[in-house]
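# Results of the structural survey
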Amino acid sequence: MQAMRRRQFLEIVGLATALHPSALFAAHHLISNDPLIIEFDFGGHIEPVTSLDDFTIYNHFSLPVLPPPADLPIDGEVAHPCKIGIERLIGLTPVKIVAVLESAGNGTEPRGLMSNGLWEGWRLADVLRIAQPEKEAAWANFYGADGYARSVPLDRVMRSGLLIDRLNGRLLDKIHGLPYRAAFPGWYGMDWVKWLSRIKVVKEPLASADSDYLELLRGPGGSDIPRQLPPVQVKSVIVSPLKGALLNVGKVEISGVAWSGNGISKVEVSADGGSTWSEAPLDAAETYSWRVWRADLALHEQGLVTFACRATDSQGIRQPAVRDPKRLDYFALNEIQRIRCLVV
């Protein structure tokens, strides 16, 4: 009977592949050389802060041949167009924050386009005040030396935007956006423009703001309703055990991380696919960092077990069990993750 369960399990979850040594302890996966795309992979081990060697990267174009000048132009709807160099920046109040960088199209697995980093720099509000945006200004356009550009509402820029020159204690390097990149903790990565070569304060956004990175909802009569993407949606992932793990009857520790654009207040875990839930203790963390959670669960009998986790953010918003069927896009994925293991 036990052999039958094992064969059934292999068919369902591909245990042989899941437990192959080359799949364990992987830290990153090269998805594309040009443009450079790298996925981070927990590989069964929790990292409170992601190492630079394994940090996720999602580029839209080729790496710039040369980095932009260290003096950053700020112009457009401003009273005092200027170029900001390090000698002006070091006179501003520095900022240091741990925050998740997650691509808008990231999935719901412990491998993907997300990483947790220690970001250092200055508030964009302090930087832009040097140029003094005009009252009519409503957006800031961020231009990268690779040709990528994004428009971000000026009120968000002034409220929470950062100009970053260090990641995990080191000056930004070529692949992470030297000399400066924008950062918007709690928001998806398409706004975190690297290799900043210009900031232009404007009244109207770039045309791409109305066509790229949008929610798309199925409306009445088959119409499509586009909306701007929200802050990073509440999400949790199981890091250990790995999908397809062989476990013994008795107590097992399940662990993972959770994050959102509003911080995390609670994580719950289940050993029956989500029929019943118990709360998992959370490690302390900054608002925009991922929070590590761990819980002990009792496994009473042999056979397949389905683990699940779900998080709740500081505003009381909980991960959905399934994707909203009205959503037509593939952004902001955050439905509950489930994995199956075999108890022997």
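Below you will find a few notes about this structure. This one's a predicted model, so the numbers in the text were calculated from it and none came from an experiment. (Residues numbered from 1 in each chain as written. Predicted model: local features only at pLDDT ≥ 70, side-chain atom pairs only at ≥ 80, totals over all residues. Heavy atoms only, no water.)

### Comments concerning the sheet that holds strand E22 (residues 291-299)
As a reminder of what qualifies: Two strands pair under a simple rule: DSSP has to find at least two bridges between them. In this text, helices come from DSSP runs of H or I with a minimum length of four residues, and strands from runs of E with a minimum of two, each type numbered from the N-terminal end. Axis lines are fitted through C-alpha atoms, for helices just across the contact stretch, and the angle between N-to-C directions can take any value from 0 to 180 degrees.
Spatial ordering of the open sheet is given by E17-E19-E22, a layout of three strands whose pairing is antiparallel. The sheet terminates laterally at strand E17 (235-240) and E22, the two strands that pair on one side only. On average, each strand axis in the sheet is inclined to that of its neighbour by 35 degrees, with strand direction left out of account. Bridge count for strand E19 (residues 250-259) against E22 is nine bridges, and the pairing is antiparallel. Counted as the bridge partner of Val257 is Val292 from E22.

### Notes on the nonpolar core
Put simply, the test is: As used here, the term nonpolar core means buried Ala, Val, Leu, Ile, Met, Phe, Trp, Tyr and Cys residues forming a set that is joined through side-chain atoms within 4.5 Å. Note on classification: 1.4 Å probe, protein chains only; a residue is buried when its accessible area is under 20% of the maximum for its type, exposed when over 50%, partly exposed between these limits. Residues are treated as being in contact if the distance between any of their heavy atoms lies within 4.5 Å.
Judged by nonpolar contacts, the single largest core of 59 residues is most densely connected at Trp119, Phe142, Val157, Leu163 and Phe184. Not counting residues up to four positions away in its chain, the partners in contact with Phe184 are Leu124, Phe142, Val152, Arg156, Val157, Gly161, Asp191 and Trp192.

### Digging into the sheet that holds strand E14 (residues 196-202)
Ordered by their spatial adjacency, five strands build an open sheet running E5-E4-E14-E9-E10, and the pairing between neighbours is mixed. Across the chains shown, the open sheet's two edge strands, defined by having one partner strand only, are strand E5 (82-84) and strand E10 (149-153). Taking the axes of each pair of neighbouring strands and ignoring which way they run, one obtains an average angle of 25 degrees across the sheet. Its contacts with the sheet place helix H4 (residues 124-131) against strand E4 (72-76), E5, strand E9 (139-144) and E14, and it is angled at close to 145 degrees to E5.

### Thoughts on the pattern of salt bridges
Going by this rule: What counts as a salt bridge is simple: a side-chain nitrogen of Lys or Arg found within 4 Å of a carboxyl oxygen of Asp or Glu.
Scanning the entire structure with this criterion turns up 12 salt bridges. Residue Glu268 pairs with Arg310 through a salt bridge whose shortest N-O separation is 2.9 Å. Of the two residues, Glu268 sits in strand E20 (residues 264-270) while Arg310 sits in strand E23 (residues 303-313), which places them 42 residues apart along the sequence. The two residues Glu268 and Arg310 agree in class, both being buried.

### Structural notes on the pairing of E4
Relative to E5, E4 runs antiparallel, the two being bridged by three bridges. Bridge pairing in E5 places Leu72 opposite Ile84. The turn joining E4 and E5, which pair antiparallel and follow one another in sequence, is formed by five residues. Here E4 pairs with E14 via three bridges, running parallel. In the strand pairing of E14, Ile74 is matched with Ile199.

So far we have only geometry, and geometry alone does not tell us how the molecule works.
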